[in-house]
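Spelled out, the chains give:
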Amino acid sequence: SGTSITHSGITTTVDNTLLIAYAVNNAAADFTPPASFTEREDDTVGTISDLAQAVAGASGDKTTTSSANTAWVAFLVALKPNTRRGGLLMTGVGS
C-alpha cells in the first residue's frame, strides 16, 4: 500500500517495444503516470499509460503515483512489433 505504485521492470528483446503500465487501487484517487509515459485512461480506481521503448533491454521499474494512500495492484506489459503483420505481440508481463 501507499501512494507510490511500483511496476516491476521487464526486459524487452526487440527495438520499438510498447510498454503498457496498468495500476489500480481500492479507493477513489487521482493518478500520475510513470515519467515519460502517456496516460491513456484515468478514472477513480485505475490508470493505463504507455511508452515506446526504442531500444531493446531492461525497462527498469516504473512508478505511478496515486493521491490515495491505499492498497494497490500494478503490472507492466511489453508488446513487441509484429513485423510480419504490422501489429503488436504481447511478449512479457511484470507485476
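Residues numbered from 1 in each chain as written. Predicted model: local features only at pLDDT ≥ 70, side-chain atom pairs only at ≥ 80, totals over all residues. Heavy atoms only, no water.

Caption draft 1: Focus on the overall build of the chain. Helices and strands together make up the secondary structure of the chain, namely zero helices and eight strands. Overall, the chain shows an N-to-C arrangement of helices and strands of β-β-β-β-β-β-β-β. Counting all 95 residues of the chain, 35% fall into the buried class. In the chain, 65% of the contacts between residues at least 6 apart in sequence involve partners at least 24 apart. As presented, the chain carries roughly 5,200 Å² of accessible surface, and 51% of it is formed by carbon and sulfur atoms. (Helix = DSSP H or I, 4+ residues; strand = E, 2+ residues; numbered from the N terminus. Buried < 20%, exposed > 50% of the residue type's maximum accessible area, 1.4 Å probe, protein only. Contact = heavy atoms within 4.5 Å. Areas by Shrake-Rupley, 256 points an atom, 1.4 Å probe, with all protein chains shown as cover.)

Caption draft 2: Molecular detail of the side chain of Thr-17. Along the polypeptide, Thr-17 turns up in strand 2 (residues 17–25). Overall, the relative accessible area of 1% leaves Thr-17 in the buried class. Of the polar contacts made by the side chain of Thr-17, one reaches the backbone oxygen of Val-14; its length is 2.8 Å. Apart from residues lying up to four places away in sequence, Thr-17 is in contact with Thr-12, Leu-51, Ala-52, Gln-53, Ala-78, Leu-79, Lys-80 and Pro-81. (Polar contact = N/O pair within 3.5 Å; in protein donor to acceptor, adjacent residues only side chain to side chain.)

Caption draft 3: Representation of the sheet that holds strand 6 (residues 62–70) within the structure. If you trace the three strands from one edge of the open sheet to the other, you get 1-6-3, paired in antiparallel fashion. Two strands in the sheet have a free side with no partner beyond their single neighbour: strand 1 (2–7) and strand 3 (31–32). As paired strands, strand 3 and strand 6 are joined by two bridges and run antiparallel to one another. Opposite Thr-32, over in strand 6, you have Thr-65 as the bridge partner. (Pairing = 2+ DSSP bridges.)

Caption draft 4: Representation of the environment of Ala-21 within the structure. Mapping Ala-21 onto the fold places it in strand 2. Take Ala-21: its relative accessible area is 2%, and that puts it in the buried class. Spatially, the C-alpha atoms of Ala-21 and Phe-37 are 8.4 Å apart, while their sequence positions differ by 16 residues. Not counting chain neighbours up to four residues away, the residues in contact with Ala-21 comprise His-7, Pro-34, Phe-37, Thr-47, Ile-48, Ser-49, Phe-75 and Leu-76.

Caption draft 5: Broad picture of the side chain of Gln-53. Here Gln-53 lies in strand 5 (residues 46–53). With relative accessibility at 12%, the residue Gln-53 sits in the buried group. For Gln-53, the side chain forms a polar contact with the side chain of Thr-12, separated by 2.9 Å. Separated by 3.2 Å, the side chain of Gln-53 and the backbone oxygen of Val-55 make a polar contact. With sequence-adjacent residues up to four places away left out, Gln-53 is seen in contact with Thr-12, Asp-15, Asn-16, Thr-17, Leu-19, Ala-58 and Ser-59.

Geometric descriptors of this kind do not, in isolation, establish any biological role.
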